[in-house]
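# Results of the structural survey
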Amino acid sequence: MELALIKTLRNYFVSLSLRTQLLFMALLLALPAIILIVFVGFNQRREDLKEGITESNRLVNEIVAEQYNQTGNAEQLLTVLAQIPIIREKKTAATNTILADILKLNKQFGNIIVADRNGDVWASALPMYKAFSVKNIRTFYNTLITKHFSSGEYIVGRISAKRTIGFGYPILDAQGEVENVILVNFNFDKINELFAKSGLPTGSSFTLIDHKGTIIDRNLDPDSLIGTKEKGDLFHRIKNGPVEDSFIGVGLIGTKQIISSHKLTLSAESIPYLYILVAIPIEETLLKAHQNQFKYMALLFPFLIVVIMLVLVIGKRCFVLPINKLLEASQHLKHGNLNVRVFEYVESGEMGRLGLAFDGMAQQLAEREQELRKSESEYRFLTENSADIVWRLDSNRCITYINPADERLRGYSKEEVLGKRLIDLMPPEDAERLTKIHSERHALEQVGFATGLTSFETSMYCKKGEICVEVLSSPIRDENGNIIGSHGVARDISRRKKIEKEREILIEQLQTALAEIKTLSGMLPICCSCKKIRDDKGYWNQLETYISDHSDALFSHGYCPECAEKFFEDIDKFNAGRNKSTHS
């Protein structure tokens, strides 16, 4: 097994280029120094992490001590206040004065209020301009239930408007029932001062969280985070963990940090009312270790540069330069310079014979390239100047090439057409028919039948209407015979279609006229006296009515000269006879 591994490594090393082999050996010389630097850096990182955990624990303990002191002082103060007769007798004005004086002397408090057993506040250290109730606040109802000094949760003070946490103490009557409750809210200015003096690295933070996971106070991003619930798994881990804990995890801002935590619980309660977190960024903690490692690497770097330069100079002159000359010539050939000749660089030995072989290959490639360019030029000339639309489609039947004839016939620019599907340029009924043609072609291909040229007629949208085209389409195949696209040529047959339609209309009109003319042919039964004509249904019609119904002829009525003369003679006779009868 070991021999096979050694053989594999040896074959791999031999397969490398000469330059790479020389550089690899140079790096082997520097490998012990690199390993030593990495080892020292690893130890430094470990020591820095220990120091970071120690510092975060130190600050957590200081905050815990401060919070214990504030809580103890608050409990003592509220105990004393609960015994003052003025407060027990609910003398509001005097109570407000006492509470205001106490608040001035104790800056750690945000406000002190007193509420009756229904939660209605009747006294406050800060001016109270509007009555309000605290019956739904956890501090109040916890105090009612336990009848002891009790904690609350995150709130925004109704009078102070400060984001804080509160504590309550009961005032009991003679029967031991809660008569009033004194409530006090905390400021956290002292904790912020402790953090500012801690000297922790940039980006460090402290966070105070209540029993529901709501952030009460925090030094970083307070406006966006205070009052919100911790959304990750951090609070869940701390809540279910030991009273004191230190670990490396993801902090509130989503970065990896050293985190120390502590739970605070009142003696009369079973659930912690406050969770204290101190977090130090890993990157800042390990900054010193990174700097030292960078310094050591910077010292090693000049040595590596010198060794590498020596290897490059010696290797270039002895090994690399002759081979590079051959590689340069092949690169010229690769990039299309078919006039390059390798034999000009290497003229002797095996390299010379290889150069002659390269020259022959370059000559053949130049001749084939010239033929290909000529063919492409002719094809391009034909398509660009064709009166018919020429396109090329990819495997998804999207247009990848369109010639200028399309813009002349349909009015759309090349940029408006490229990338669209061919069926998007057609009315829905024609697009459906084309899709059916493609499906039939695909079905034939699936059973092994190689399809070829296809022709069909379709309409295509124009900027001003539609045109009718006759399409010839042929598939494009890859080296395995699979269809990867298609070519298409579309000829405008709109004029031809128009002529055909006009011809059909003319034929129809002629046939209609011929049918109408035939109705007047043959023998017509006509009255000898009144000149009425009998139709096919046996009815007698006026001559002019019958002819109008069976032809395009129209009649206008008047008198011929002979009839007019006779008509006026009859009128004169009538008038003469009338006058004669009048005189008699």
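As a reminder, the structure under discussion sits directly above these lines.
Residues numbered from 1 in each chain as written. Predicted model: local features only at pLDDT ≥ 70, side-chain atom pairs only at ≥ 80, totals over all residues. Heavy atoms only, no water.

The next point concerns the sheet that holds strand 14 (residues 465–477). Spatial ordering of the open sheet is given by 12-11-15-14-13, a layout of five strands whose pairing is antiparallel. Both outer strands of the open sheet, strand 12 (399–402) and strand 13 (454–462), are each paired with one neighbouring strand and no more. Taking each pair of neighbouring strands and ignoring which way they run, the sheet shows an average axis angle of 30 degrees. Across the sheet, helix 14 (residues 428–446) lies against strand 13, strand 14 and strand 15 (483–492), angled at about 150 degrees from strand 13, the strand it touches most. (Pairing = 2+ DSSP bridges. Helix = DSSP H or I, 4+ residues; strand = E, 2+ residues; numbered from the N terminus. Axes fitted to C-alpha atoms, helices over the stretch in contact; angles between N-to-C directions. Contact = heavy atoms within 4.5 Å.)

Here we come to empty space enclosed by the protein. Counted according to the given criterion, the structure contains two cavities of 30 Å³ or more. One number sums up the size of the largest cavity: a volume of about 70 Å³. Lining the largest cavity we find S205, T207, R218, L234, G251, L252, I253, Q257, I259, L277, V278 and A279. Elements with a contribution of two residues or more to the lining of the largest cavity: strand 6 (205–209), strand 9 (256–264) and strand 10 (274–281). (1 Å grid on protein atoms, 1.4 Å probe; cavity = no way out; pocket = protein on both sides within 12 Å on 5 of 7 lines; lining within 4 Å. Points joined across faces, edges and corners; volume = space filled by probe spheres on them.)

Let us now look at the nonpolar core. L81, I112 and L208 are the most contacted members of the largest nonpolar core, which totals 57 residues. Among the elements that take part in this core, helix 2 (residues 18–81) stands out by supplying eight residues, more than any other. The contacts of L81, once residues within four sequence positions are left out, are I87, I98, L99, I102, I112 and I182. Grouped together as the second largest cluster of nonpolar side chains are 19 residues, M426, M460, C462 and V469 included. (Core = buried A, V, L, I, M, F, W, Y, C linked by side-chain atoms within 4.5 Å. Buried < 20%, exposed > 50% of the residue type's maximum accessible area, 1.4 Å probe, protein only.)

Glancing now at the packing of aromatic side chains. Counted by the stated rule, this structure contains six aromatic pairs. Taken together, a centroid distance of 4.8 Å and an interplanar angle of 40 degrees make the contact between F167 and F186 tilted. One end of the pair, F167, is in strand 4 (residues 163–172); the other, F186, is in strand 5 (residues 178–186), and 19 residues separate them in sequence. Each member of the aromatic cluster is reached from another via a ring pair, and the members are F109, F149, F167, F186 and Y273. The residue whose ring lies beneath R237 is F247, and the NZ or CZ to ring-centre distance is 3.7 Å. (Phe/Tyr/Trp six-rings, centres within 6.5 Å; stacked < 30°, edge-to-face > 60°. Lys NZ or Arg CZ within 6 Å of the ring centre and 35° of its normal.)

Moving on: the side chain of T139. Checked against the element boundaries, T139 lands in helix 5 (residues 138–146). For T139, a relative accessible area of 2% puts it in the buried group. Here T139 is in contact with S150, S151, G152, E153, G166, F167, G168 and L183, once residues within four sequence places are set aside.

This part is about unusual backbone geometry. Of note, the phi angle at K147 is positive, near 60 degrees, even though the residue is not glycine. Mapped onto the fold, K147 is located in the loop between helix 5 and strand 3 (150–156). Classification of K147 as partly exposed rests on a relative accessible area of 31%. One non-glycine residue, D221, lies in the positive phi region at around 50 degrees.

Empty space within the largest pocket amounts to approximately 350 Å³. If you go around the largest pocket, you meet 14 residues; those closest to its centre are S395, R397, R441, H442 and I483. Elements represented by at least two residues in the lining of the largest pocket include exactly helix 14 and strand 15.

Among the five residues of strand 11 (residues 389–393), four are classified as buried, and the element is accordingly described as predominantly covered. As paired elements, strand 11 and strand 15 share five bridges and run antiparallel to each other. By the bridge assignment for strand 15, V390 is matched with V489. Relative to strand 12, strand 11 runs antiparallel, the two sharing three bridges. In the sheet register, L393 faces strand 12, and the bridge partner there is I399.

Pairing between the strands of a sheet comes from backbone hydrogen bonds, and it takes one of two forms, parallel or antiparallel. Within the open sheet, the five strands sit side by side as 2-1-5-4-3. Their pairing is antiparallel. The open sheet has two edge strands with one neighbour each: strand 2 (121–124) and strand 3. Looking at each pair of strands side by side, their axes are set apart by 30 degrees on average, direction ignored. When strand 1 (residues 109–116) meets strand 2, the two strands line up antiparallel, connected through three bridges. Opposite I113, over in strand 2, you have S124 as the bridge partner.

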